[in-house]
Amino acid sequence: MKLSARANRIQPSATLAITAKEKALKAQGIDVVGFGAGEPDFDSPDYVKEAAVEAIKKGYTKYTAVGGIDQLKDAIIERMKLDYGLEYQKPELIVSCGAKHTLFNLTQAIIDSGDEVIIPAPYWVSYPEQVILAEGKPVILETREEDGFRIDPAELKKLITPKTKALVLNYPSNPTGVTYSEDELRAIVDVAMAAGITIISDEIYDKIIYDGKKHTPVASLGEDVKKATILVNGTSKTYAMTGWRIGFAAGDKGVVKAMGDMQGQSTSNPTSISQWAAVSAYASPQDLIVQRTAEFEKRKTYIVDRLNSIPGIKCVSPSGAFYAFPNVSAFYGKSHNGKTVNSSLDFTEFLLEEAKVAVVPGDSFGSDAHVRLSFATSMENIVKGMDRIEETVAKLA
Ligand SMILES: *Cc1c(COP(=O)(O)O)cnc(C)c1O
């Protein structure tokens, strides 16, 4: 059957593809060490599961309000107030089927054909694709490894045109782990504010942050900045709830209403049971989250040290999220068994075949010099995987 031009424009998600490949190898009984996962290896908290069971027993299994139940909106509002002193009202909030869905609705709601959206690279794979699906134009803002992948406000300014509609911020970042101090953030936001563009701020890793750093939401930088910002977050990463599919946006009432209208004609409400589980996630004590972040930090320190000890690999230490994003381009042009590694995809395939280790090529994140390793896996796996990588890359000559 003939596909639409829209369907032909879209790239399948590379991260999901590598996870599928890894699962297929494992199903054949091959012992693969997987660094592909884009989700916490921890289980969803017990209190979250219990809240879901309770919801089922109470018969909360029917349609809800399209943009989410009031109880969940209240729990999210309270969480943001407690954590960041941010004040939102219910009409400024919409809950969707995961933050990816939130971002999809958002791009559909604000982008017109030809509108430009500035996306800092390396970026999360779905931003450019979602902009393209909305008939917008992704404009890539390159960052440098030497700057820890930080956005240079002067470079940002150069990319702004009369067609610029929005800037995407994602910090802590997937894949680089870069995060920003309040001053750094302010310098970036000043440029966006002067240009009168919308700030899409994906803060889904806000709670997974290291080295004693503190997350500053863009919207907390002032009332005018808050007005220009659509804040995106969700339960997936913080609460290890990727399968429940709960994300949300907070910001301009008109935009939130338009997103709700989109949602009303596509998915309707996010799953009723997941919404009650999310109420529990946001309203319960947050100690478990702090403990898990401490565990991620131990792994981060280990994996980054190991990577940097391997000749040819250079890895910036991430300040948040759960990914290492090492530069492996020193191996490009080198060969083993008659096969030459010339790209991040080649390197990924080489590791999968020779070391039985799965990583994700940086190419899909806008940087072919790098690969992404998720450390949302056990310390035991990390040790085993690093041993294999160390041994295997030494064969490239
Ligand atoms: C995982 C992720 C999301 C989406 O998460 P959902 O499971 O859809 O809520 C959004 N942005 C980034 C940067 C992510 O890594």
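Treat the numbers as computed from the prediction; the structure is a model and nothing was measured.

1. Some points on the site of the ligand
Taken together, the neighbourhood of the ligand is formed by 13 residues, with Ala99, Asp202, Tyr205, Ser236 and Lys237 sitting nearest. Within the contact set of the ligand, an oxygen atom lies 2.7 Å away from a side-chain nitrogen or oxygen of Arg245. Isolated, the ligand exposes 390 Å² of accessible area, and the fraction of that covered by the protein chains is 94%. With respect to the pocket detection grid, the ligand is positioned in the largest pocket. The residue makeup of the shell around the ligand, split by class, is five nonpolar, four polar and four charged.

2. A word on the environment of Ser220
Assignment of secondary structure puts Ser220 in the loop between β6 (198-202) and α9 (223-228). Of the residues examined, Ser220 reaches a relative accessible area of 33% and is grouped as partly exposed. Put simply, Ser220 and Pro122 are 98 residues apart on the chain and 25 Å apart in space, counted from C-alpha to C-alpha.

3. A closer look at the packing of helix α5 (residues 99-110) against helix α6 (residues 126-133)
At a closest axis distance of 9 Å, the pairing of α5 and α6 adopts a crossing angle of 35°. Of the two elements, α5 crosses α6, and the hand of that crossing is right-handed. Along the contact surface, α5 presents Lys100, Leu103, Phe104, Thr107 and Gln108, while α6 presents Ser126, Tyr127, Gln130, Val131 and Leu133. The class makeup of the residues in the contact of α5 with α6 is five nonpolar, four polar and one charged.

4. Concerning helix α10 (residues 253-264)
When the terminal C-alpha atoms of α10 are compared, their 16 Å separation across 12 residues agrees well with the 16 Å that a helix rising 1.5 Å per residue should span. Among the residues making up α10, those that are buried are Val255, Val256, Met259, Gly260 and Gln263. Angular distribution of buried residues about the axis of α10 spans 140°; they occupy a single face of the element. Considering only its buried residues, α10 is in contact with β2 (93-96), α5, β7 (229-234) and β8 (247-250). Taking the backbone nitrogen of Gly254 as reference, a side-chain oxygen 3.0 Å away marks Asp252 as the first, capping residue of α10.

5. A look at the layout of surface pockets
Looking at the largest pocket, its volume works out to about 810 Å³. Along its surface, the largest pocket is lined by 41 residues, and Leu16, Gly38, Glu39, Lys237 and Thr242 are the ones closest to its centre. At the level of secondary structure, the elements contributing two or more residues to the lining of the largest pocket comprise α2 (14-27), α5, α6 and β14 (371-374). No other element matches the seven residues that α2 contributes to the lining of the largest pocket. When grouped by side-chain class, the residues that make up the lining of the largest pocket number 15 nonpolar, 16 polar and 10 charged.

6. Concerning the nonpolar core
Phe35, Leu169, Ile303, Phe322, Phe347, Leu373 and Ile389 are the most contacted members of the largest nonpolar core, which totals 84 residues. Counting residues per element, this core draws most heavily on helix α8 (residues 182-195), at five residues. Looking at which domains feed residues into this core, each of domain 1 (5-43 + 288-393) and domain 2 (47-283) gives three or more. The residues touching Phe347, leaving out its near neighbours within four places in the chain, are Val328, Phe331, Tyr332, Val341, Val371, Val393 and Leu396. The next biggest cluster of nonpolar side chains, apart from the first, holds 26 residues, and it includes Leu72, Leu86, Tyr239 and Trp244.

7. A look at the domain arrangement of the protein chain
Partitioning the protein chain into domains gives domain 1 (5-43 + 288-393) and domain 2 (47-283). Relative placement of domain 1 and domain 2: their C-alpha centres are 26 Å apart. At the junction of the two partners, domain 1 supplies 35 residues and domain 2 supplies 35 residues. If you sort the residues of domain 1 by the area they bury against domain 2, Ile289, Ser319 and Phe365 come out on top, with a joint share of 20%. Linking domain 1 to domain 2 there are two salt bridges. At the junction of domain 1 and domain 2, the tally comes to 16 residue pairs in polar contact (both at pLDDT 80 or more). Elements represented by at least two residues in the side of domain 1 that touches domain 2 include exactly α1 (5-9) and α12 (287-309). Considering each element in turn, the side of domain 1 that touches domain 2 owes the most residues, seven residues, to α12.

Basis of the calculations
- Residues numbered from 1 in each chain as written.
- Predicted model: local features only at pLDDT ≥ 70, side-chain atom pairs only at ≥ 80, totals over all residues.
- Heavy atoms only, no water.
- Near = heavy atom within 4 Å.
- Polar contact = N/O pair within 3.5 Å; in protein donor to acceptor, adjacent residues only side chain to side chain.
- Areas by Shrake-Rupley, 256 points an atom, 1.4 Å probe, with all protein chains shown as cover.
- 1 Å grid on protein atoms, 1.4 Å probe; cavity = no way out; pocket = protein on both sides within 12 Å on 5 of 7 lines; lining within 4 Å.
- Sits in = over half its atoms within 2 Å of the grid points.
- Nonpolar A, V, L, I, M, F, W, Y, C, P; charged D, E, K, R; others polar.
- Helix = DSSP H or I, 4+ residues; strand = E, 2+ residues; numbered from the N terminus.
- Buried < 20%, exposed > 50% of the residue type's maximum accessible area, 1.4 Å probe, protein only.
- Axes fitted to C-alpha atoms, helices over the stretch in contact; angles between N-to-C directions.
- Left-handed = near helix turned anticlockwise from the far one by under 90°.
- Contact = heavy atoms within 4.5 Å.
- Expected span 1.5 Å × (residues − 1).
- Arc of directions from axis to C-beta.
- Points joined across faces, edges and corners; volume = space filled by probe spheres on them.
- Core = buried A, V, L, I, M, F, W, Y, C linked by side-chain atoms within 4.5 Å.
- Domains from an automatic or database assignment.
- Buried area = accessible area lost by both parts, 1.4 Å probe.
- Salt bridge = Lys/Arg side-chain N within 4 Å of Asp/Glu carboxyl O.

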